[in-house]
Every structure is written in C-alpha cells, then in structure tokens.
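Notes for the structure review
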Amino acid sequence: MENVELDPRLVQATSVKASDEAVGGKRAGEPKALKITAASSNPKMFTLPWHKPLSQWPDDLLANLPRGISRHVVRFVRVGNDVYAMKEITQSVAQREYELLRQLEKIDVPSVKPIAVVTGRHDRDGKPLEAMLVTQHLKFSLPYRALFARNLREDTADRLIDALAVLLVRLHLIGFYWGDVSLSNVLFLRDADCFAAVLVDAETGALYPTLTEGQREYDIDLARTNIIGELMDLSSGKLLPDDVDEIEVGNRLVERYHSLWSALTDVESFSPDEMWKIEKRVNKLNQLGFDVDELEMNTSEDGNRVRVRPRVVDAGYASRKLLRLTGLDVQENQARRLLNDLDAYRTSTWRQGEDLEIVATDWMREVFEPTVRMIPKEYRSQIEPAQFFHEILDHRWFLAEKVGHDVPMAEAVNSYIENVLPQYKIDAKVMDAINADADAGVIDDESSYGDDGYDPDYDPDAAVWAS
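As the structure is a computational prediction, the values presented were derived from the model and not from experiment.

1. With respect to the overall build of the protein chain
- What the protein chain contains, in helices and strands, is 14 helices and 14 strands.
- Among the 467 residues that make up the protein chain, the fraction classed as buried is 48%.
- Of all intrachain contacts in the protein chain linking residues separated by at least 6 positions in sequence, the fraction that spans at least 24 positions is 65%.

Structure (structure tokens):
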C-alpha cells in the first residue's frame, strides 16, 4: 500500500485510551475491579447495576426504543438526562471498537458517539461478566426494520441504499475499511425526502492511510450480499413491498457507489479554452453535498490539455452554510431545503441587497422558530425540527395545489399535525416484534470469537484485498 500519512486530525488529537497496557506483547487481562474508561463524565454511570448481565437490567432503567439486529445483547439505558446504547461484548473487541469510534468522531465521520468502555464487571458471586461498550443514542434515528414498519414511500429501499452508498464512499475516502457493511450496522435519519446513514457498528473496521481498490471492492461486494439477505428477510416477514426486487436493490448499491466514487476521485482532462468545465465539476460535487478544498491541476507537456482532480474535504456543503448563518446543525438535504426557504423569504421581503446573515436571523425568528414550536409535545422525540419544517413546506404546497391558492403557514401546520404526523408513531406491538427480532440475532461470543475477542477467520491484511 502507498505510504501515506494518517489524517493530521488523528495524529494531533488527544485520545482516551480504553486498552490496558500491553504485557509481553499482549493485552493485560480483565481488571479485577470495575473500570470505566470514559470520554465524558456522567456521575450517574457509577450507579448502574454493572453486577448484572445486561439482559437482566430492570425495566425502569431502559428506554423502549427500536433496536437493530445485533450479534450481542444491546439495550437503551437512561442515565440521568441522557439515553445510552449499551452493548455487552468481549473486552478486547469493546476496547478496539471504542478507539475506532473515537477516531471516526475526530475526523467528523457520521458515526455514533462513543461514551465509555466498562470492564472488570463481576456478578455478586465474583463470576466475570462481559465488558460493555457505551455509545450515545442518536436522537431521531431508526434501524432499517423500524423504518419499514412505518407508512413510507414505496421507494424506501432505494433511498436507504443511496444513503448507505454515500456513507460508504465517505468512509473509504478517509481510509476506513468496514468489513461488515449491512443495513443492520447503520442507523438512518430522515433528511428531507432522503435518508442519511450513520455508522453504528465498527467491530470489524480498520482505519488505514488509504484503501486499495481491492479493499474497497471487497467491502462493496460484502455489502451487496448482506443487503440482499436482509431485504429477503424483510420480504419473508411481509414488511417489504411486493414490487421490490431484493437483488436489484443490492445491485443499486454497487452502481451508486461507483458513480459517486467516480464523481469524487476521477481525473478529468480539459483543453485550455474549456476551463469553465472545472467550475461545472465543482458545482456538481457541491450538489452531491461534498465540498472541495483545492484542485490539483497539471498541464500536459505540449500545453494543450489541463488535468484536474478535486481534493474533496467532506460532505456537508449546505449544512455547513446553514450552520454558519443560523446555528442550525441539520442533515445535508434538510439544509438545502431550509436554505431554499431562506432565499424565498429574502426575495418575498425585497431584501436581496441586505447581508444574508441579517436576513437569516429574521427568518429564524419570524418563520422557522414559530413553526417548529408547534410540534406537539408527544412528538418532540419522534421528529427532528428541521425535518418537521421540511415536511410542513411539502404539505403546504400540496394543500395549495389542491385548493388553487396559497395556504397560511399555521393552517398547513395544523393540517399536517392532524393528518400526517401520526404516522411517525410505531405501534407498541410492532415495537415489541422489532426488538424480539433484534434479540433473536444474539449469539454466544465465546463460540464466535477467539480468546482475545476477535473472529479467528478475520484477517485485515488478507491477500484478496490487493489491488
């Protein structure tokens, strides 16, 4: 592999090491006493019943939220004002995944926030218990099975795949090999009419200075196989629309991935009088949600051609602009929609000549904030304010088209709350079924991992990856 340095943000940043000091080239054994290694302090962490297996924790500590399918016992636990995802797992795997998530957090990759690793757990009789990986529950997110349990559009599968393709490209660009790509290992957030995918499971991942083509293709092929299997499982449970072709959806991931990777990394050649195409390329990347830090330009020896390759910084062109103008930290497509409404407000108030920052402040006070304050209390943990605003705009347009004239914002909000918002609730019986399926996937760690907690068949430097 090419000798390329790691992202400087990883080199320069401090870290909270979860692993014990190595002894004789091996990790130290299980701590004799409870040990909590945390990136942030929450004193109520020390009051939890660490002496009990996670499956036996009392119901009054648990948050009834839909869980994704996992090989391990996972529960959502209320810790003070926070909700944490707890995963019971072997010590070495917990420590390794914690460090990987810490690294991904430092370089702004969409992944769950690591909170702590808890080791040295024993029951009242002194019998060792597995370690625990603790992550922050991602508000407004759902596993893919819960999404299909709701009243969603027929193209939901395609939109989930598109979101996963974007996430996979972002991970590969920064040198992260996933090793277990699937719908089960991500959480999905609504992002206007699309979804945004967030990595939630990094057990098999590895971070490299760069990935070979072989590594990337292996990851993609594994993702395709896993996704087809997951969709077939949904189909057998009557959750997938009849017209969805599972194999075609799996193939879509491969196609979308390669298309996006090409748009971000291909070198294009222009003649000196076609420099306008460079701006077109940059605009296309911006529309895809990626920002461009600089352009690498080389002129051919005869001076007749210019080769251009963009250096892509990260996704989030619109969301960063909205954050700068309003302080709202939202998903990329939500940001585009809100920026469009801000532009419409600026035009309708005849303020095109004013600084956008000033207009944005007034738009927040007069338009956005009054609208999102109308979210009923019982739905405030179900729908993100920016998503609510986006859907109100869609609903207002639908009503206006139906009656043939503009509809006041308040009328649109009330109609939406009464007729559309209830679909966000998951029926209690469906919730129980989703979580029962999640628990059905739990396996015994000792039978699946070696003594050090790793899959004995997993080789991150396998020759199959060579490019």
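2. Some words on empty space enclosed by the protein
- What the rule picks out here adds up to two cavities of 30 Å³ or more.
- What lines the largest cavity is a set of 25 residues, and nearest its centre among them are Val 74, Phe 76, Ala 85, Lys 87 and Val 200.
- At the level of elements, strand E4 (74-79), strand E5 (82-89), helix H2 (91-106), strand E7 (131-136) and strand E9 (186-191) are the ones that each hand at least two residues to the lining of the largest cavity.
- The residue makeup of the lining of the largest cavity, split by class, is 14 nonpolar, seven polar and four charged.
- The volume enclosed by the second largest cavity comes to roughly 100 Å³.
- Among the residues forming the lining of the second largest cavity, the class breakdown is seven nonpolar, two polar and three charged.

3. Let's talk about unusual backbone geometry
- Notably, Phe 140 is not glycine yet its phi reads approximately 70°, a positive angle.
- Residue position: Phe 140 is located in the loop between E7 and helix H3 (144-148).
- You will see that Trp 350, though not glycine, has its phi angle at about 55°, which is positive.
- Inspection of the secondary structure puts Trp 350 in the loop between helix H9 (332-348) and helix H10 (356-372).
- In this structure Trp 350 comes out as exposed when scored by relative accessible area, which is 75%.

4. A closer look at the pairing of E4
- Of all six residues in E4, five are buried; the element is thus mostly enclosed.
- Here E4 pairs with E5 via six bridges, running antiparallel. Paired with Arg 75 across the strands is Met 86, a residue of E5.

5. Some remarks on the pattern of salt bridges
- Under the counting rule described, the total for this entry stands at 19 salt bridges.
- Across the salt bridge formed by Glu 105 and Lys 113, the nearest N and O atoms sit 2.9 Å from each other.
- Between Arg 256 and Asp 162 there is a salt bridge whose closest N-O contact spans 3.0 Å. A residue pair is termed long-range when its members are at least 10 positions apart, and Arg 256 in helix H6 (residues 246-265) and Asp 162 in helix H4 (residues 156-173) qualify at 94 residues.
- Since its relative accessible area comes to 40%, Arg 256 is described here as partly exposed.

6. Details of the packing of H10 against helix H11 (residues 385-403)
- At a minimum axis distance of 9 Å, the contact between H10 and H11 shows a crossing angle of 95°. When the interaxial angle is binned, H10 and H11 end up roughly perpendicular. Facing H10, whose interface residues are Trp 363, Val 367, Phe 368, Thr 371 and Val 372, H11 presents Pro 385, Ala 386, Phe 388, Phe 389 and Ile 392.

7. Considering the sheet that holds E5
- Taken together, the five strands give an open sheet; going across it, the order is E3-E6-E7-E5-E4, and neighbouring strands pair in antiparallel fashion. Both outer strands of the open sheet, strand E3 (35-38) and E4, are each paired with one neighbouring strand and no more. For this sheet, the mean inter-axis angle between neighbouring strands, taken without regard to orientation, is 25°.
- Direction of pairing for E5 relative to E7: antiparallel, over a ladder of six bridges. Paired with Ile 89 across the bridge in E7 is Ala 131.

Quick notes on the rules
- Residues numbered from 1 in each chain as written.
- Predicted model: local features only at pLDDT ≥ 70, side-chain atom pairs only at ≥ 80, totals over all residues.
- Heavy atoms only, no water.
- Helix = DSSP H or I, 4+ residues; strand = E, 2+ residues; numbered from the N terminus.
- Buried < 20%, exposed > 50% of the residue type's maximum accessible area, 1.4 Å probe, protein only.
- Contact = heavy atoms within 4.5 Å.
- 1 Å grid on protein atoms, 1.4 Å probe; cavity = no way out; pocket = protein on both sides within 12 Å on 5 of 7 lines; lining within 4 Å.
- Points joined across faces, edges and corners; volume = space filled by probe spheres on them.
- Nonpolar A, V, L, I, M, F, W, Y, C, P; charged D, E, K, R; others polar.
- Pairing = 2+ DSSP bridges.
- Salt bridge = Lys/Arg side-chain N within 4 Å of Asp/Glu carboxyl O.
- Axes fitted to C-alpha atoms, helices over the stretch in contact; angles between N-to-C directions.
- Parallel < 35°, antiparallel > 145°, perpendicular 65-115°, else oblique.

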